[in-house]
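# Observations on the model geometry
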Amino acid sequence: MNLEMQQKVQIVVPSYQRAEFRPATGSWDTFLMLWSFRPQARAFRYVGHKDVVTSVQFSPLGNLLASASRDRTIRLWIPDKRGKSSEFKAHTAPVRSVDFSADGQFLATASEDKSIKVWNMCRQRFLYSLYRHTHWVRCAKFSPDGRLIVSCSEDKTIKIWDTTNKQCVNNFSDFVGFANFVAFNPNGTCIASAGSDHTVKIWDIRVNKLLQHYQVHSGGVNCLSFHPSGNYLITASSDGTLKILDLLEGRLIYTLQGHTGPVFTVSFSKGGELFTSGGADAQINPKLDVIDLQTSTPPVVDILSFDSTTTTETTVRTLPDKGEEICGYFLNPSLMSSECSPTILKKKTEDISDLPSESQRSIPLAVTDALEHIMEQLNVLTQVGWHVSRLEVRCTKSWLQQAAELAEQGGYFPS
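Report follows, based on the coordinates. Counting starts from 1 at the beginning of each chain's written sequence and moves along it residue by residue. The model is predicted, so local features are restricted to residues of pLDDT at least 70 and side-chain atom pairs to those at 80 or more, both for listing and for counting; the totals for chains, interfaces and linings are taken over all residues. Think of the side-chain values as coming from all heavy atoms in the structure, minus any hydrogens and water.

In this analysis, strands are considered paired if DSSP registers two or more bridges between them. Helix numbers and strand numbers start at the N terminus; a helix is a DSSP run of H or I with at least 4 residues, a strand a run of E with at least 2. Across the sheet, which stays open at both edges, the four strands sit in the order β18-β19-β20-β21 with antiparallel pairing between neighbours. Across the chains shown, the open sheet's two edge strands, defined by having one partner strand only, are β18 (179-184) and β21 (209-214). Ignoring which end each strand starts from, the neighbouring axes of this sheet average 20 degrees apart. Throughout, an axis means a line fitted to C-alpha atoms (over the contacting stretch in the case of helices), and angles, computed between N-to-C directions, take values from 0 to 180 degrees.

In structure tokens, the structure reads:
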């Protein structure tokens with residue numbers, strides 16, 4: 001199926017929902033889109049980011065959707081028609097990627113502020129930063145077991161980080177170009193990099209050795225995705241093509257054409273039977289039927305992120321003691337990942353101060369302006385009503401005084 005955006009904008013990154021094949025996409029139009037392949041189903045457009053959406057990923061169970069943006073924020077969404085979200089603020093520059101750990105407990109984010117940050121999803125709190133890159137960090141990914149993080153940067157290095165001691169344990173350098181994207185293979189023994197120098201490289205991190213080097217594209221390689229079997233790799237390039245590599249035989253087996261411009265992203269589904277790609281032609285391929293979302297069914301349903309809360313790096317929270325309720329530490333309890341067991345209950349009432357104040361809530365600027373205007377008008381009306389009430393009281397007192405004086409004089413006062 002080919003899904004075409006209403007706005008002619010670049011689709012940045014797709015991600016698949018685990019329960020069904022519902023791709024989510026982020027774009028230069030600042031929206032997240034959640035699509036459906038079912039007939040007559042609705043497509044949801046999530047409104048909340050204020051700049052380009054650079055990365056999107058579902059949690060392992062598909063019950064949460066994380067997004068990164070050039071507005072320097074990360075958002076965590078519930079992918080349904082209500083679209084509740086929490087906003088994470090810690091980076092000081094555009095955020096380039098988001099990635100869930102395989103157990104859904106942690107989220108890694110990479111930014112142009114040269115850092116990688118790791119977040120706890122159960123408590124929705126910032127944990128720590130990784131600093132060693134000297135230029136923009138374009139991508140950060142967890143290993144399948146969650147013990148390592150791989151990152152790539154425009155400083156022309158790929159770094160491996162230990163999530164236990166928060167140290168850089170390995171470093172791969174390339175003096176020709178930098179990696180746009182990097183990922184672990186399914187068993188976590190190798191990493192693949194998508195290079196701005198048109199190359200794809202496979203490294204064995206156990207022996208720090210370059211295993212395979214492919215130069216099959218005529219443009220920069222922007223993204224890649226391992227097949228769940230680990231035997232194949234699909235790549236997306238600015239030359240407008242997708243390539244499928246057989247890693248067992250070490251050769252190119254398919255070239256896929258269909259996009260009419262640079263291809264920025266590609267991703268296999270969890271089972272490996274499908275993949276999606278997105279690019280500057282504002283389409284998600286492979287192509288079948290074009291759907292005009294403005295005039296045809298299914299309609300696009302706009303979902304505004306009104307019920308959102310904010311977490312920042314400077315937010316200080318002590319971890320709950322054993323036996324205390326984890327839910328109490330959620331900025332938006334409805335976003336608690338199902339990977340976080342809700343069986344630990346009975347949070348102490350004196351710890352309610354850990355919850356965010358109303359001033360921490362994030363409300364869209366347009367809504368804030370409208371509410372302020374309404375409050376100003378109500379204030380004016382209240383003041384007018386108060387002055388009218390005072391005038392009525394004064395008139396009544398004056399009327400009664402005159403009536404009393406005339407009554408004493410035996411006169412007549414009209415009603």
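Attention now moves to the side chain of glutamate 112. Its place among the elements puts glutamate 112 in the loop between β11 (106-111) and β12 (115-120). Those residues in contact with glutamate 112 that lie beyond four places of it in its chain are Arg70, Ala93, Pro94, Arg96, Trp136 and Val137. Note on contacts: a residue pair is in contact if any heavy atoms of the two residues lie within 4.5 Å.

Next up on the list: the nonpolar core. In these notes, a set of buried Ala, Val, Leu, Ile, Met, Phe, Trp, Tyr and Cys residues joined through side-chain atoms within 4.5 Å is what counts as a nonpolar core. Only protein chains enter the area calculation, which uses a 1.4 Å probe; residues under 20% of their type maximum are buried, those over 50% are exposed, and those in between are partly exposed. One finds Ile158, Ile191, Ile202, Leu224 and Leu233 to be the most contacted residues of the largest nonpolar core, which totals 35 residues. No other element matches the five residues that β18 contributes to this core. Other than its neighbours up to four places away in sequence, isoleucine 158 contacts Val150, Ser151, Cys152, Asn170, Asn171, Phe172, Ala179, Val182, Ile191, Ser193 and Trp203. Judged by nonpolar contacts, the second largest core, of 15 residues, contains Leu64, Ala66, Phe88 and Val98.

It is worth spelling out the pairing of strand β6 (residues 53-58) at this point. Most of β6 sits inside the fold, with six of its six residues counted as buried. Sheet topology note: the β6/strand β7 (residues 65-69) ladder contains five bridges and is antiparallel. Bridged to glutamine 57 within β7 is alanine 66. What sits between β6 and β7 in their antiparallel hairpin is a turn of six residues, with glycine 62 showing a positive phi close to 80 degrees.

For salt bridges, the criterion is a side-chain nitrogen of Lys or Arg within 4 Å of an Asp or Glu carboxyl oxygen. Under the defined criterion, the tally for this structure stands at ten salt bridges. Its salt-bridge partner being lysine 141, residue aspartate 99 comes within 3.7 Å of it at the nearest N-O pair. With a gap of 42 residues between them, aspartate 99 in strand β10 (residues 95-100) and lysine 141 in strand β14 (residues 137-142) connect regions that are remote in the sequence. What makes aspartate 99 buried here is its relative accessible area of 5%. Where aspartate 204 meets arginine 206, a salt bridge forms, and the shortest distance between an N and an O atom there is 3.0 Å. Through salt bridges with shared partners, a single network forms among Arg70, Arg96 and Glu112.

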